[in-house]
Amino acid sequence: HEIHRQGGRRLRRRRFVVRALGWLLAGIVTLIVFTVAVRSPRLLIDSVAIEGNQLALAADLKTAVEGALDGNYFYLWPRRSLLFYPRRQIVGRLLQEFPVIGQVRLQLRGRDTLLVQVVERRGQYIWCPPEFGEPTECYFSDESGLIFGAASRFTSSVFLTFIAPLPDEPRGQR
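Residues numbered from 1 in each chain as written. Predicted model: local features only at pLDDT ≥ 70, side-chain atom pairs only at ≥ 80, totals over all residues. Heavy atoms only, no water.

Caption draft 1: Summary view of the sheet that holds strand 8 (residues 147-151). Ordered by their spatial adjacency, 4 strands build an open sheet running 8-7-6-9, and the pairing between neighbours is mixed. In this open sheet, the two edge strands, each paired with only one partner strand, are strand 8 and strand 9 (160-163). For this sheet the average axis-to-axis angle between neighbouring strands, irrespective of direction, equals 35°. Relative to strand 9, strand 6 (residues 125-128) runs parallel, the two being bridged by 4 bridges. Looking at the pairing, tryptophan 127 lines up with phenylalanine 162 of strand 9. (Pairing = 2+ DSSP bridges. Helix = DSSP H or I, 4+ residues; strand = E, 2+ residues; numbered from the N terminus. Axes fitted to C-alpha atoms, helices over the stretch in contact; angles between N-to-C directions.)

Caption draft 2: Highlighting helix 2 (residues 58-69). Look at helix 2: 16 Å from first C-alpha to last across 12 residues, which is about the 16 Å you get at 1.5 Å a residue. For helix 2, every residue scored as buried is listed here: Leu61, Ala64, Val65, Glu66, Ala68 and Leu69. Lining the buried residues of helix 2 we find strand 1 (47-51), helix 3 (87-97), strand 4 (101-109) and strand 5 (113-120). After helix 2 finishes, the residue glycine 71 shows a positive phi value of roughly 95°. (Expected span 1.5 Å × (residues − 1). Buried < 20%, exposed > 50% of the residue type's maximum accessible area, 1.4 Å probe, protein only. Contact = heavy atoms within 4.5 Å.)

This is a description of form; function is not addressed.
So, in C-alpha cells, the structure goes:
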C-alpha cells in the first residue's frame with residue numbers, strides 16, 4: 001500500500017504542475033494577444049479636436065491633451081488606446097493648466113478622434129491690486145472668486161471691481 005500511496009502523490013503533484021503551467025501559458029498567450037490587439041492602429045486615438053474654447057488657444061489645449069496621451073501603461077499598452085485613455089488625467093490637466101476652463105467633457109468621435117469640449121468661465125468680478133504710481137494688471141474672477149484671466153483696463157467700469165493685494169501669479173487663486 002505504501003508504494004501505491006507514493007505513486008498517487010506523485011501523480012497528483014504532476015497533474016498540479018501540469019495544470020499550473022497550462023494556466024500560466026494560457027495567461028501569457030492571453031496577455032500577448034491583448035497587447036497586440038490594443039496596439040492595433042484601429043484602436044488608437046489618432047487626432048484630438050477641441051470645441052468651445054474662445055480665450056484658451058486650441059493649439060495649447062491640444063498640446064496638453066497630446067501630452068497626457070503620450071506613453072504607455074506598464075510599458076505595454078498605449079495611453080492612446082480607445083479602450084482606456086487617461087480620462088481623469090486629461091480633465092485634471094486641462095483644469096489645472098488653464099484656469100479659464102470651468103468644465104471639460106471628453107467624447108470619442110468616429111473611430112480615431114478624441115473630442116474635447118470645454119466650457120470657459122465667465123467673468124463676474126475684476127480684482128485689481130492697489131496702485132502706487134504705475135498701472136497694474138487686473139484679473140477676471142468668476143462667481144466663486146477664482147481668478148482665471150487678465151482683464152483689460154476698460155472693463156473695470158462694466159464689472160464690480162475689487163481692489164486688494166494679489167499674489168505674484170494670481171491665476172488659479174481665490
